[in-house]
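So the chains spell out like this:
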Amino acid sequence: MRKKIYWIEGDGIGPEIWRAARPVINAALAKESDLALEWIELPAGEKAQAETGTPLPQATLQALLNADIAMKGPLGTPIGTGIRSLNVALRQGLDLYACIRPIRYFYGLETPVKHPERVNMVIFRENMEDVYAGIEFAAGSRESRKLIAFLREELGAGKIHETAAVGIKPMTENGSKRLIRRALRFALDNRQESLTLVHKGNIMKFTEGAFRQWGYDLAAREFGTETCTEKNPQPGKLLIKDRIADAMFQEVLLKPEQYHVLATPNLNGDYLSDALAAQVGGLGLAPGVNMSDKLAFFEATHGTAPTIAGQDRANPGSVILCGALLLEHMGVPAAAARICASVEKAIAAKKVTEDLAAQIPGAKTVGCAAFGDIIGENL
């Protein structure tokens, strides 16, 4: 039996981390199942630009619209100029509304916190609205001046300077609820202790405050027999709670063991997922998946690292662990567990890429390809 997996190589370090990761994923699956993966490459990013004249060919988007599983390496995102983001274009074009990031610690890494092993969370971040809606206008532009004039004259927002850059933060009940519903279902299916709604509703009362309230309303209406709140805790039920976003950063540092599944608007989840990754060793070992109701699109959570591209210095761990998530999603959890154990064994042996070696006293630095080989041998 064969399962078709579409994949995008990515820019920068993308080609080398893929060469290291794919054999590990194939080998782990072969040890636990008769199923084999048929990898079908789709062009995107710099490679597609060179071959087709566009960074996101329509054929690539169409193939993904008809797919149920795909993987990708990092794609470049220009800062300040050029296209907004290929990643955003893919998420919006494919309705990948849920960005899911599991955060866990691998023993052997020396991290900035005393007890990284207490961090074991899954973040569900809304992926389509909030700042990812991309509604903003440059300072001094005709569009921004027109919008500012409307806000001042029609809505009484007189404190906006006419030269300001302006962005709009849309958040809908439907968009928020479908993300929170997915997080609730995951928490219940995996017997988690709590789900926390992370928001800035004390200031942004009608956007993030609404996200919080929609979450509580949804839990009560659709999952009422299985959930409870901090006002009325009930043993054996999933505890629904909420935290202000800035306070949450303190909470995950001081009391991470009290948090299990987080549901967040876009920007809060963006910040928190990277901060939590740093607590357990960095983005080099941080997998993720973006999901619609049809497609699971697994991707490395780090960037393209152009300064080390082609130098065999990159860490393929994020893509390898994305493979573990993929195998678990496909119903082969034993293969996924085998990959995670192999990564931990490589760390214990202190033969790792340079980003991890900096966090492991006495470690030997190996290249991207060698690290992939070591993890493969550990399977």
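Residues numbered from 1 in each chain as written. Predicted model: local features only at pLDDT ≥ 70, side-chain atom pairs only at ≥ 80, totals over all residues. Heavy atoms only, no water.

Colleague: Provide a residue-level description of the sheet that holds strand 9 (residues 227-229), including the pertinent values.
Modeller: Read from one edge of the open sheet, 11 strands run 2-1-3-13-12-4-5-11-8-10-9, paired in mixed fashion. A strand with exactly one partner marks an edge of an open sheet, and here the two such strands are strand 2 (36-41) and strand 9. Recorded for the sheet is a direction-independent mean angle of 25 degrees between the axes of neighbouring strands. Across seven bridges, the pairing between strand 4 (residues 98-104) and strand 5 (residues 120-126) is antiparallel. The residue of strand 5 that forms the bridge with R104 is N120. Taken strand by strand, helix 3 (residues 58-65) contacts strand 1 (2-8), strand 3 (69-72) and strand 13 (296-300), and its axis lies near 145 degrees from that of strand 1. Against the sheet, helix 7 (residues 208-223) touches strand 8 (194-199), strand 9, strand 10 (238-244) and strand 11 (261-264), its axis set at about 155 degrees to strand 8. (Pairing = 2+ DSSP bridges. Helix = DSSP H or I, 4+ residues; strand = E, 2+ residues; numbered from the N terminus. Axes fitted to C-alpha atoms, helices over the stretch in contact; angles between N-to-C directions. Contact = heavy atoms within 4.5 Å.)

Colleague: Describe the nonpolar core, and please don't skip the residues or the numbers.
Modeller: Of all hydrophobic cores here, the largest spans 91 residues; its most connected members are L327 and I339. What I339 contacts, discounting residues up to four positions off in sequence, is V24, I25, A28, I320, L321, G323, A324, L327 and L379. (Core = buried A, V, L, I, M, F, W, Y, C linked by side-chain atoms within 4.5 Å. Buried < 20%, exposed > 50% of the residue type's maximum accessible area, 1.4 Å probe, protein only.)

Colleague: Account for the packing of aromatic side chains, naming residues and giving values.
Modeller: For any pair of aromatic rings, geometry is given as the distance between the ring centres together with the angle between the planes. Summed over the entire model, instances satisfying the criterion amount to four aromatic pairs. Seen from their ring centres, Y105 and Y107 are 5.2 Å apart, and the 70 degrees between their planes marks the pair as edge-to-face. On the basis of relative accessible area, Y107 is assigned to the exposed category, the value being 51%. Just above the ring of W7 sits the side chain of R22; from NZ or CZ to the centre is 4.9 Å. Across the ring face of Y259, the terminal group of K241 is positioned such that the distance to the ring centre comes to 4.3 Å. (Phe/Tyr/Trp six-rings, centres within 6.5 Å; stacked < 30°, edge-to-face > 60°. Lys NZ or Arg CZ within 6 Å of the ring centre and 35° of its normal.)

Colleague: Can you explain the packing of helix 8 (residues 245-254) against helix 9 (residues 266-280)? Please cite residues and give values.
Modeller: Where helix 8 meets helix 9, the closest approach of the two axes is 11 Å, and the angle between their N-to-C directions is 15 degrees. Overall, the two elements helix 8 and helix 9 adopt an arrangement that is roughly parallel. Both helix 8 and helix 9 take part in a crossing whose hand is right-handed. Together, A245, M248, F249, V252 and L253 of helix 8 and N268, Y271, L272, A275, L276 and Q279 of helix 9 make up the contact between the two elements. Broken down by class, the residue content of the contact of helix 8 with helix 9 amounts to nine nonpolar, two polar and no charged. (Parallel < 35°, antiparallel > 145°, perpendicular 65-115°, else oblique. Left-handed = near helix turned anticlockwise from the far one by under 90°. Nonpolar A, V, L, I, M, F, W, Y, C, P; charged D, E, K, R; others polar.)

Colleague: Which residues make up the pattern of salt bridges, and what are the values?
Modeller: Per the counting criterion, the structure on display carries 23 salt bridges. Of the charged contacts, one joins D130 and K169 as a salt bridge, the two residues approaching to 2.6 Å between their closest N and O atoms. With D130 in the loop between strand 5 and strand 6 (136-137) and K169 in the loop between strand 7 (166-167) and helix 6 (173-189), this residue pair connects regions lying 39 residues apart in the sequence. According to the relative accessible area criterion, D130 is buried, its value standing at 1%. Among the charged side chains, a salt-bridge network with shared partners connects E9, E41 and K47. (Salt bridge = Lys/Arg side-chain N within 4 Å of Asp/Glu carboxyl O.)

Colleague: Explain the pairing of strand 13 residue by residue, including any values.
Modeller: Across the five residues of strand 13, five count as buried, placing the element largely inside the fold. Of the two faces of strand 13, the one holding A296, F298 and A300 and the one holding F297 and E299 are both buried throughout. With four bridges joining them, strand 3 and strand 13 adopt parallel strand pairing. The partner of I69 across the bridge, within strand 13, is A296. Hairpin connection from strand 12 (residues 287-291) to strand 13: four residues lie between these consecutive antiparallel strands.

Colleague: Tell me about unusual backbone geometry, and name the residues and values.
Modeller: Residues apart from glycine generally show negative phi values, whereas peptide bonds are mostly found in trans. Of note, D95 is a non-glycine position whose phi angle comes to about 55 degrees, a positive value. With respect to the secondary-structure elements, D95 resides in the loop between helix 4 (86-93) and strand 4. The partly exposed category is assigned to D95, whose relative accessible area is 30%. Residue K350 is not a glycine yet carries a positive backbone phi of 60 degrees. Turning to its location among the elements, K350 is positioned in the loop between helix 11 (333-348) and strand 14 (351-352).

Colleague: Please set out the environment of A20 residue by residue, giving values where relevant.
Modeller: Position of A20 among the secondary structure elements: in helix 1 (residues 14-32). In this structure A20 comes out as buried when scored by relative accessible area, which is 7%. Taking the C-alpha atoms as reference points, A20 and D373, 353 residues apart in sequence, are found 7.1 Å from one another. Beyond its immediate stretch of four places on either side in the chain, A20 contacts P316, I320, C368, A369 and G372.

Colleague: So what's going on with helix 1? Which residues, and what values?
Modeller: The terminal C-alpha atoms of helix 1 lie 27 Å apart, and with 19 residues this matches the ideal 27 Å at 1.5 Å per residue to within 8%. Its axis deflected by about 25 degrees at A21, helix 1 carries its strongest bend there, up to four residues before the proline P23. Regarding helix 1, the residues found buried are G14, E16, I17, W18, A20, A21, V24, I25, A28 and L29. Buried positions along helix 1 lie against strand 1, strand 2, strand 3, helix 10 (317-329), helix 11 and helix 13 (368-378). (Expected span 1.5 Å × (residues − 1). Bend = angle between axes of the 7 residues up to and from the residue.)

Colleague: Requested: an account of the state of the cysteines, with residues and values cited.
Modeller: By definition, a disulfide links two cysteine residues through a covalent bond between their sulfur atoms. Under the defined criterion, the tally for this structure stands at zero disulfides. Summary of cysteine pairing: C322 is not part of a disulfide, and the nearest cysteine sulfur, belonging to C99, is at 10 Å. Assessed through its relative accessible area of 0%, C322 is described here as buried. With no disulfide of its own, C368 lies closest to C322 among cysteine sulfurs, the gap being 14 Å. You can call C368 buried: its relative accessible area is 1%. (Disulfide = S-S within 2.5 Å.)

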